[in-house]
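So you can see what is in the structure, the chains are spelled out below.
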Amino acid sequence: MATLIGKLYNVHHFLFEELSDPRTANWPLIGTPYSTFGLLALYLLFVMKWGPKWMEERKPFNLERILIAYNAIQVILCLYVLVTGLKVWYNYKLICEPTDFSESGLHTAKIVYCYFLLKVLDLFDTVFFVLRKKFNHVSFLHVYHHTGMVILVWGCTTYYPGGHGTMVGLLNSFVHAVMYSYYLLTVAVPSLKGSLWWKKYVTQLQILQFLIMVLHMGCIVFIPDCGYPRWISAFFLPQNLFMLILFVDFYIKTYIKKPKTETKEEKVEKKIENTEMRRLIESQHLKENLNSRS
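No experiment lies behind these values; they were computed from the predicted model shown. (Residues numbered from 1 in each chain as written. Predicted model: local features only at pLDDT ≥ 70, side-chain atom pairs only at ≥ 80, totals over all residues. Heavy atoms only, no water.)

Draft legend 1. Just the overall build of the protein chain, in detail. Helix and strand content of the protein chain: 10 helices and zero strands. The order of α-helices and β-strands along the protein chain, N terminus first, is α-α-α-α-α-α-α-α-α-α. For the protein chain, the residues scored as buried account for 40% of the 294 residues in total. The long-range share in the protein chain, meaning contacts at least 24 apart out of those at least 6 apart in sequence, stands at 80%. Entry remark: accessible area of the protein chain is about 18,100 Å², with carbon and sulfur atoms responsible for 66%. (Helix = DSSP H or I, 4+ residues; strand = E, 2+ residues; numbered from the N terminus. Buried < 20%, exposed > 50% of the residue type's maximum accessible area, 1.4 Å probe, protein only. Contact = heavy atoms within 4.5 Å. Areas by Shrake-Rupley, 256 points an atom, 1.4 Å probe, with all protein chains shown as cover.)

In structure tokens:
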């Protein structure tokens, strides 16, 4: 037993002390995974079990003002990460960008950490859905995406805060700035919800994002001396490929194979048919009653 405990301690020491970046190890939620994974466990329990059960006998909360503030903050923070990151990585190498572990690369690590905190903030999307009883929005795609992003970016911030993977954060921050701008407009001006023509293109932008991420992270597989480890692609590529497939499937079901909507004429014809059918059934029942009496 003591030998097993000793081996587990050595594994823990190797993973979270020797391998991790000492510059970020003491930052909140970074270093050891317990706080972040504990937060994710609470998130999953609330959105999948506790929240729906608690809201079962309650009316949906009116979160209009909170959502306006939340979406506005998301847009501002996403643009901050995007603009700050572009200033730092203006010499970024698209094919292979090594990680700078020196003190001069600390500013880069801080931007990566800001991006990680944004992914934690994204978890409130699902919480708000539950509190508003929008349970149909709490899909597998939604929950998987938010949970997976927190785990992946936690790993980047803990081990490689910078380098080749930072393009993922910049691209995702741009897409989210557009997406939360859409959400902000639909909440602040509800009359625009059905008339904003670019909702469809936001989904297309998300699909393009994951396609670029797959190609970008796939580059380092073929470069053995990049200075950014190839094994990271073993985590990023399956996640991004899976997300690409899920978003394409969502797009096809939502915008290509949309359920057929009935026209006014079709509704009237259907109503007439139902009325005639009901009269026919009533007439048949009347005849049966008369025959039984006779």
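Draft legend 2. Broad picture of helix H3 (residues 64-88). For H3, spanning 25 residues, the distance from its first C-alpha to its last is 36 Å, which sits close to the expected 36 Å at 1.5 Å a residue. Along H3, the residues classified as buried are Leu67, Tyr70, Asn71, Gln74, Val75, Cys78, Val81, Leu82, Thr84 and Gly85. Looking at the buried positions of H3, the neighbouring elements they touch are helix H4 (106-121), helix H5 (124-131) and helix H7 (166-188). (Expected span 1.5 Å × (residues − 1).)

Draft legend 3. Main features of the UniProt feature "transmembrane region" (unreviewed entry) in the protein chain. In the numbering used here, UniProt assigns the feature "transmembrane region" (unreviewed entry) to residues 25-46, 67-90, 110-131, 143-160, 180-198, 205-224 and 230-252. Across residues 25-46 one finds 59% helix and 0% strand; the C-alpha atoms that close the span lie 28 Å apart. (UniProt positions renumbered as here; feature names shortened; annotations may be inferred.)

Draft legend 4. Highlighting the side chain of Gln74. Considering the arrangement of structural elements, one finds Gln74 in helix H3. For Gln74, a relative accessible area of 0% translates into the label buried.

Draft legend 5. Quick look at a nonpolar patch on the surface. Taken together, Met1, Leu4, Ile5 and Leu8 make up a surface patch of nonpolar side chains, about 470 Å² in accessible area. With respect to the secondary-structure elements, Leu4 resides in helix H1 (residues 2-18). (Patch = residues over 30% accessible without salt bridge, like charges linked within 9 Å, V, L, I, M, F, W, Y side chains within 5 Å. Salt bridge = Lys/Arg side-chain N within 4 Å of Asp/Glu carboxyl O.)

Draft legend 6. The packing of H7 against helix H8 (residues 199-219), seen in detail. Contact pair H7 / H8: the axes reach a minimum separation of 10 Å and the direction vectors enclose 175°. With respect to H8, the axis of H7 lies roughly antiparallel. Seen from H7, the contacting residues are Met167, Val168, Leu171, Asn172, Phe174, Val175, Val178, Met179 and Tyr182; seen from H8, they are Lys199, Val202, Leu205, Gln206, Gln209, Ile212, Met213, His216 and Met217. For the contact of H7 with H8, the residue count by class is 13 nonpolar, four polar and one charged. (Axes fitted to C-alpha atoms, helices over the stretch in contact; angles between N-to-C directions. Parallel < 35°, antiparallel > 145°, perpendicular 65-115°, else oblique. Nonpolar A, V, L, I, M, F, W, Y, C, P; charged D, E, K, R; others polar.)

Draft legend 7. Region of the structure containing the pattern of salt bridges. In this structure the tally under the stated criterion is three salt bridges. The partner of Lys119 in a salt bridge is Asp122, with the nearest N and O atoms 2.9 Å apart. A relative accessible area of 4% means that Lys119 is categorised as buried. For Lys253, the salt bridge identified is with Asp249, shortest N-O distance 3.3 Å. Here Lys253 and its partner Asp249 are both found in helix H9 (residues 233-256), four residues apart, which amounts to about one turn of the helix. In this structure Lys253 comes out as exposed when scored by relative accessible area, which is 53%.

Draft legend 8. How the structure looks around the nonpolar core. One finds Ile30, Phe116, Val150 and Trp154 to be the most contacted residues of the largest nonpolar core, which totals 44 residues. Broken down by secondary-structure element, the contributors of at least two residues to this core are helix H2 (34-55), H3, H4, H5, helix H6 (140-159) and H7. Looking at this core element by element, the count peaks at seven residues for H4. Among all residues touching Val150, those that are not within four sequence positions of it are Thr36, Leu40, Phe116, Lys119, Val120 and Leu123. (Core = buried A, V, L, I, M, F, W, Y, C linked by side-chain atoms within 4.5 Å.)

Draft legend 9. Structural context of the state of the cysteines. Taken as a whole and judged by the stated rule, the model has one disulfide. Disulfide pairing places Cys96 opposite Cys226 at an S-S distance of 2.1 Å. As the torsion about the S-S bond is roughly 115°, the Cys96-Cys226 disulfide counts as right-handed. Here Cys96 is found in the loop between H3 and H4, whereas its partner Cys226 is found in the loop between H8 and H9, with 130 residues between them in sequence. Since its relative accessible area comes to 5%, Cys226 is described here as buried. (Disulfide = S-S within 2.5 Å.)

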